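Chain residues, written in single-letter form:
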Amino acid sequence: MWLQSLPSIFRKKSFHLSFLMLCITALSACSTIQRVVYRIDVPQGNYLEADQVAQVKKGLTKTQVQYLLGSPVLSTFNQANKWYYVFLQQNAYKKPVQHTLIVNFNNQGIVTSTELSKALPADPAAAVNNTVISTKTVEPSKGLFSW
């Protein structure tokens with residue numbers, strides 16, 4: 001009985017279907033289910049690896065440090081002897097982890113000390129990058145046009 005008292009537009013099937021789709025769409029935005037949407041890993045700043053940071057020792061020059069780690073994220077004119085390397089890693093739905101490496105130099109541009117905020121995870125695949133691959137040498141075949 002109450003349905004007949006509503007305007008005619010509210011009694012049509014197309015309205016009911018549209019209203020149902022609107023409700024489903026609205027409720028999906030308020031979903032309590034986590035991790036439905038894929039989120040990529042986002043590294044920001046200077047990508048720091050444990051084996052590279054371990055090579056930075058007292059006695060290296062600024063050029064050598066820049067060759068190992070790249071340009072620093074922060075180096076101010078009033079603290080030209082202090083370089084900051086900041087690496088922020090955001091893995092999918094986990095909290096971001098920030099690693100900060102501070103390299104201190106003396107007035108001659110020689111490393112005096114390094115400070116790392118958090119230990120970097122060791123990368124077991126890092127040694128594979130330097131693997132020498134050898135192959136058999138194949139002698140060229142004598143074809144139709146070879147002399």
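The model shown is predicted, which means the values in this text are computed figures rather than measured ones.

What follows covers the environment of Leu74. Along the chain, Leu74 turns up in the loop between α3 (62-69) and β2 (82-90). Taking the C-alpha atoms as reference points, Leu74 and Val86, 12 residues apart in sequence, are found 8.3 Å from one another. Apart from the residues lying within four places of it in its own chain, the contact partners of Leu74 are Lys82, Trp83 and Tyr84.

A contiguous nonpolar surface patch, about 290 Å² in accessible area, is contributed by Leu20, Met21 and Ile24. Relative to the elements of secondary structure, Met21 occurs in helix α1 (residues 13-29). Accessibility expressed as a relative area gives 46% for Met21, which makes it partly exposed.

This paragraph deals with the packing of aromatic side chains. Using the criterion set out here, one finds three aromatic pairs in the structure. Ring geometry for Trp83 against Tyr85: centres 6.5 Å apart, planes inclined by 70°, an arrangement best described as edge-to-face. An angle of 70° between the planes, with centres 4.9 Å apart, marks the rings of Trp83 and Phe105 as edge-to-face. Residue Trp83 is located in strand β2, and its partner Phe105 is located in strand β3 (residues 97-105); the two are separated by 22 residues in the primary sequence. Here the two residues Trp83 and Phe105 agree in accessibility, since each one is buried. A cation over a ring is seen here: Lys62 above Phe105, with NZ or CZ 5.4 Å from the ring centre.

A water-sized probe, rolled over the atoms, reveals where empty space remains. There is about 190 Å³ of room inside the largest pocket. Along its surface, the largest pocket is lined by 12 residues, and Tyr47, Leu48, Phe87, Gln89 and Pro121 are the ones closest to its centre.

Looking at the protein, the pLDDT average stands at 75 and 65% of residues meet or exceed 70. Within the protein, α3 carries the highest mean pLDDT (90), whereas α1 carries the lowest (67).

On to the pairing of β3, then. Burial runs high along β3: seven of the nine residues are buried. Sheet topology places β2 next to β3; eight bridges connect them, and they run antiparallel. Note that in β3 the partner of Lys82 across the bridge is Asn104. Counting the residues that bridge the hairpin from β2 to β3 gives six residues, and of these Ala92 lies at a positive phi of roughly 40°. Linking β3 back to strand β4 (residues 111-116) in an antiparallel pair, the connection comprises five residues, with Gly109 at a positive phi of about 85°.

This part covers the sheet that holds strand β1 (residues 42-45). Spatial strand order, β1-β2-β3-β4: four strands in an open sheet with antiparallel pairing. Each edge of the sheet is formed by a strand with only one pairing partner; in this case those strands are β1 and β4. Taking the axes of each pair of neighbouring strands and ignoring which way they run, one obtains an average angle of 10° across the sheet. Across four bridges, β1 lies against β2 in antiparallel orientation. Each bridged residue has a counterpart across the sheet, and for Gln44 the counterpart in β2 is Leu88. Against the sheet, α3 contacts β2, β3 and β4, and its axis sits at roughly 10° relative to β2.

Rules used throughout
- Residues numbered from 1 in each chain as written.
- Predicted model: local features only at pLDDT ≥ 70, side-chain atom pairs only at ≥ 80, totals over all residues.
- Heavy atoms only, no water.
- Helix = DSSP H or I, 4+ residues; strand = E, 2+ residues; numbered from the N terminus.
- Contact = heavy atoms within 4.5 Å.
- Patch = residues over 30% accessible without salt bridge, like charges linked within 9 Å, V, L, I, M, F, W, Y side chains within 5 Å.
- Areas by Shrake-Rupley, 256 points an atom, 1.4 Å probe, with all protein chains shown as cover.
- Salt bridge = Lys/Arg side-chain N within 4 Å of Asp/Glu carboxyl O.
- Buried < 20%, exposed > 50% of the residue type's maximum accessible area, 1.4 Å probe, protein only.
- Phe/Tyr/Trp six-rings, centres within 6.5 Å; stacked < 30°, edge-to-face > 60°.
- Lys NZ or Arg CZ within 6 Å of the ring centre and 35° of its normal.
- 1 Å grid on protein atoms, 1.4 Å probe; cavity = no way out; pocket = protein on both sides within 12 Å on 5 of 7 lines; lining within 4 Å.
- Points joined across faces, edges and corners; volume = space filled by probe spheres on them.
- pLDDT = per-residue confidence, 0-100.
- Pairing = 2+ DSSP bridges.
- Axes fitted to C-alpha atoms, helices over the stretch in contact; angles between N-to-C directions.

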